[in-house]
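# Structure assessment
This is what each chain is made of:
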Amino acid sequence: MSLLDQVDGPARLRGMTADQLTELAAEIRAFLIERVSATGGHLGPNLGVVELTIALHTVFESPRDRLLWDTGHQSYVHKLLTGRRAGFERLRKGGGLSGYPSPAESEHDLVENSHASTAVSYADGLARADAYAGRTDRSVVAVIGDGAMTGGMAWEAVNNVSGADRPLVIVLNDNERSYALTPGGVAGHFGDLRSRGSAHSVFEQVGLAYIGPVDGHDIAALQEALRRARDLRMPVVVHAVTEKGRGFVHTEDNELDRGHAVKPMDPATGRPLSSSSGTSFTAVFGERITEIAERREDVVAVTAAMLEPVGLLGMQKRFPERVIDVGIAEQHAVTMAAGMSMGGVHPVVAIYSTFVNRALDQVLMDVALHRRAVTFVLDRSGVTGDDGPSHNGVWDMSVLQVVPNLRIAAPRDATRLGELLEEAVAWEDGPTLVRFPKGAVGGDVPAEAVFSGVDVLRRSGPLDVLIVSVGVLAGVALGVADALREQGIGVTVVDPRWVAPVNPGLADMARRHRLVATVEDNSRTGGVGATTAQAVQDAGVTTPVRSFGVPRRFLDHGSRADVLSLCGLTVQDISLSVSEALAAIDGGSEDGEWDGELARMSTAEEK
Ligand SMILES: Cc1ncc(C[n+]2csc(CCOP(=O)(O)OP(=O)(O)O)c2C)c(N)n1
Ligand SMILES: CC(=O)[C@@H](O)[C@H](O)COP(=O)(O)O
Ligand SMILES: [Mg+2]
């Protein structure tokens, strides 16, 4: 039986010899390469923390000592050492192991949010709670990457932790990278510490103790440093120098991102097991923004440490000085863009939908209040699936529709993405936003006609149902139309393209129909369905509106298709609900049934 097979929990580690721990590290590395090559996932980050995680679990006694993993994508080794080896068969699959820490999975996991730069704040809170309760027999350890240390929130926490008389250990997992090399002066300072060692660290200058740099792959050296930090009983940083992707040729040689997030691959060759079908929304954006930058030298792109994932590699290669990587600093990215706009630049800020939540105040106050012409491009909008509840981009239209002056577009296909991006960058009277989902872009969905700026995708039969289709769910909306037509129900399917502010033409169309159904890959709460219903009502139109979107709850990880199906965003579910709603309207008395359905839906949302 291998050493890894014997590890049913961290206590087993504490009985192992140094040689056994070294052997265990080799077994874990081989396991990760074999398993994560099969499932896909964050192989690079986890290969970089094998020895560090072993050292942490031999020096600290989880769960009494709390280990917090910033962002959490590097917690696979932690999961292996806390009895979850079998779960890796279904890593990031529906019903399988989450790709991030998950309190629902284990008492050893406290935080699952995958949004970076939060661990030191959680740790400060836990340390204060221990102090209030007089608990002096335990430690709090925050493991945070050099990339996550470019997030402002991490420095807010350092400011509050410094000088405190509470024990708190911060392990800086410094591999010089987010995806790409970590940008900025803080990363430069870490480089000085790595090379000069004795340099006075920024941490000591603000009142924390500093231990390091330590070889992040030398278990004994790490254990010695962690024991010193544990016994200091004050805020202390242990600076571990690690290599992202260590021990696997296809991640070590990957200059782009050291295998940060790999797709299922052949571990022998490093080649993906399946070639992606067709082009992606991301690729279409990347090509188009580069073309626009050719024509518009005032256009500058901004990324928050995700240059390649958001599709800006091509523009960076063509115009290196006009693509800015601010690190994991979305708030700075947005307000810096406002400043650039004041200086005559048209910034295009490319962020994943879920991460724009970080910068709501900056979008609202620094950009929109000042009517700055900044274009936001939100990739991974809608259900993303595999990365779990904190990565779905299902809140952007709810959160950002409240922003005055902001115009929001949701392209349904590649052609509309190109058109809407051009329109957004051409708009100089305030901010614009274009949002699209992860993955393949699918075929074009042409309009049959245009009615007061709204694309009419399908018009057939009597004026029974108006389906307002938002973005990429056009395929589902047209499928619903086909299903309803088979029942003799007349359907008009429209796509407003610009969803905020609501096109008044929609109220005119609603007036002519018996029912309106909105379909969106966003939360129902505050989504396009809600604002469309409000606009219809405000226009004095009494046509009822039913909105189909993501329920108001966190969605467990799973494939995008499965999660959308769980949300009821399928042709079958929507067409059944629409025909029932029509029947209720026709029958009058069945309102009770529909009210019952709504009641069921709303309780489902609260669960
Ligand atoms: C607020 C936020 N923005 C962007 C991301 C996307 N992201 C996930 S991991 C990562 C890089 C993290 O770098 P680092 O903290 O150094 O960890 P490493 O992967 O190097 O171990 C980024 C940018 C995120 N998780 N959270
Ligand atoms: C951990 C993190 O936030 C990212 O690495 C995320 O996993 C990216 O997901 P995509 O695969 O959609 O780019
Ligand atoms: Mg890093």
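Here the structure is a predicted model, which is why all the values come from computation and not from measurement.

### Focus on the coordination of the magnesium ion (ligand 3)
- Around the magnesium ion (ligand 3), the protein contributes the donor atoms Asp146 (OD), Asn175 (OD1) and Arg177 (O), which lie 2.0 to 2.2 Å from the metal centre.
- Sequence spacing among the residues donating to the magnesium ion (ligand 3) works out to D-x28-N-x1-R. With Asp146 in the loop between β2 (140-145) and α7 (152-161) and Asn175 in the loop between β3 (168-174) and α8 (185-196), this pair connects stretches of sequence that are 29 residues apart.
- Taking relative accessible area as the criterion, Asn175 reaches 11% and is therefore assigned buried.

### Looking at the nonpolar core
- Ranked by internal contacts, the top residues of the largest apolar core, which has 63 residues, are Phe285, Leu312, Phe376 and Leu400.
- In contact with Leu312, not counting residues within four places along its chain, are Phe285, Ile289, Ala301, Val302, Thr303, Leu307, Val323 and Ala350.
- Residues Val49, Leu52, Val77 and Val171 belong to the second largest nonpolar core, which totals 50 residues.

### So, the UniProt feature "binding site: thiamine diphosphate" (unreviewed entry) in the protein chain
- Per the UniProt annotation, the sites labelled "binding site: thiamine diphosphate" (unreviewed entry) are His73, Ser114, His115, Ala116, Gly147, Ala148, Asn175, Phe248 and Glu330. These residues run over 258 residues, and the two farthest C-alpha atoms among them are 31.7 Å apart, placing them at more than one spot.
- Here His115 lies in the loop between α5 (76-81) and α6 (119-133).
- With near-sequence residues (within four places) excluded, His115 lies in contact with Thr71, Thr354, Phe355, Arg358 and Ser390.
- In terms of polar contacts, His115 uses its side chain to reach the side chain of Thr354, at 2.9 Å.
- Relative to the helices and strands, Glu330 is located in helix α14 (residues 330-342).
- Exposure remark for Glu330: the relative accessible area of 5% places this residue in the buried category.
- Not counting the four nearest positions on each side in its chain, Glu330 is found in contact with Ala304, Ile351, Phe355, Arg358 and Ala359.

### Remarks on the pairing of β2
- With six of six residues buried, β2 lies mostly within the body of the structure.
- The alternating pattern of β2 places Val140, Ala142 and Ile144 on one face and Val141, Val143 and Gly145 on the opposite face, and all of these are buried.
- Two strands pair when backbone bridges link them, and strand β1 (residues 66-69) and β2 are joined in this way by four bridges, in the parallel orientation. Bridging across to β2, Leu67 finds its partner in Val141.
- Pairing between β2 and β3: five bridges, direction parallel. The partner of Val141 across the bridge, within β3, is Val169.

Cut-offs used in this document
Residues numbered from 1 in each chain as written. Chains lettered and ligands numbered in written order. Predicted model: local features only at pLDDT ≥ 70, side-chain atom pairs only at ≥ 80, totals over all residues. Heavy atoms only, no water. Donors = N, O, S within 2.8 Å, 3.2 Å for Na, K, Ca; no water. Helix = DSSP H or I, 4+ residues; strand = E, 2+ residues; numbered from the N terminus. Buried < 20%, exposed > 50% of the residue type's maximum accessible area, 1.4 Å probe, protein only. Core = buried A, V, L, I, M, F, W, Y, C linked by side-chain atoms within 4.5 Å. Contact = heavy atoms within 4.5 Å. UniProt positions renumbered as here; feature names shortened; annotations may be inferred. Polar contact = N/O pair within 3.5 Å; in protein donor to acceptor, adjacent residues only side chain to side chain. Pairing = 2+ DSSP bridges.

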